[in-house]
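Listed below, chain by chain, are the residues.
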Amino acid sequence: MPVDIKKFTKHLRDNAALMPPGKGRCGEYVRKALQAGGANFNGSNPGTGKEYGPTLLRLGFHEIIVANPDTFNFMPGDIMVMEPYEKSTNNAGHVAGYDGRNWISDFIQNDYWAGPRYRKERPKNAVFRY
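As the structure is a prediction and not an experimental result, all values here were calculated from the model.

Definitions and limits used
Residues numbered from 1 in each chain as written. Predicted model: local features only at pLDDT ≥ 70, side-chain atom pairs only at ≥ 80, totals over all residues. Heavy atoms only, no water. Helix = DSSP H or I, 4+ residues; strand = E, 2+ residues; numbered from the N terminus. Rg over C-alpha atoms; globule rule 2.2 N^0.38 Å. Buried < 20%, exposed > 50% of the residue type's maximum accessible area, 1.4 Å probe, protein only. Pairing = 2+ DSSP bridges. Polar contact = N/O pair within 3.5 Å; in protein donor to acceptor, adjacent residues only side chain to side chain. Contact = heavy atoms within 4.5 Å. pLDDT = per-residue confidence, 0-100.

A.B. asks: Would you take a moment to explain the overall build of the chain for this structure?
C.D. replies: Per the secondary structure count, the chain includes four helices and five strands. Mapped from its N terminus to its C terminus, the chain presents α and β elements in the order α-α-α-β-β-β-β-α-β. For the chain, whose C-alpha radius of gyration is 13 Å, the value lies close to the compact-globule estimate of 14 Å for 130 residues. A principal-axis box enclosing the C-alpha atoms of the chain has dimensions of 40 × 30 × 30 Å.

A.B. asks: Quick question: what am I supposed to make of the pairing of strand β5 (residues 125–129) here?
C.D. replies: With respect to burial, β5 is a largely interior element, four of its five residues being buried. As defined by bridge partners, strand β1 (residues 62–64) adjoins β5 across three bridges and the pair is classed as antiparallel. Across the sheet, the residue bridging to His-62 is Arg-129, located in β5. Where strand β2 (residues 79–82) lies against β5, four bridges are found, and the strand directions are antiparallel. Each bridged residue has a counterpart across the sheet, and for Met-80 the counterpart in β5 is Val-127.

A.B. asks: I'm lost on the side chain of Gln-109 in this one. Help?
C.D. replies: As for its placement among the helices and strands, Gln-109 is situated in the loop between β4 (103–104) and α4 (116–121). By relative accessible area, Gln-109 is classed as buried at 2%. A distance of 3.0 Å separates the side chain of Gln-109 from the backbone oxygen of Asp-111, its partner in a polar contact. The contacts of Gln-109, once residues within four sequence positions are left out, are His-94, Ala-96, Asn-102, Trp-103 and Ala-114.

A.B. asks: What should I look at first to understand the confidence of the model for the chain in this one?
C.D. replies: As a note on interpretation, predicted positions should not be read in detail where pLDDT is low. Of all residues in the chain, 97% have pLDDT values of 70 or greater, and the mean over the chain is 93. Of all secondary-structure elements in the chain, the lowest mean pLDDT belongs to α4, at 92, while β1 reaches the highest, 98.

In structure tokens, the structure reads:
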């Protein structure tokens with residue numbers, strides 16, 4: 001079933017906290033937004049943000065090359081998947097979707113990087129486009 005990007009991004013924005021920090025539930029919020037857009041996870045939800053890559057590929061997304069996320073022109077519906085920063089307490093990494101204005105997970109982010117530690121360390125990350 002195709003993913004309706006407008007429904008996905010609307011659900012993200014409508015359900016996210018307006019400012020950081022998040023609730024540590026980025027994967028849940030992105031999953032629910034994808035489901036609102038029509039995605040079917042077939043009972044196989046990624047356990048953490050960093051585990052979303054294979055699921056996104058299965059849903060019809062493809063990885064794109066982003067040399068510098070600070071200057072790249074993202075499109076609505078793009079989804080970033082990020083490894084955890086060094087010494088992360090939960091080792092979950094992060095996942096967020098772009099709605100055309102902001103990166104959003106369980107909160108509306110200030111930029112691509114989910115917080116100060118991610119911004120400072122810039123761990124391995126990937127972007128997926130539908």
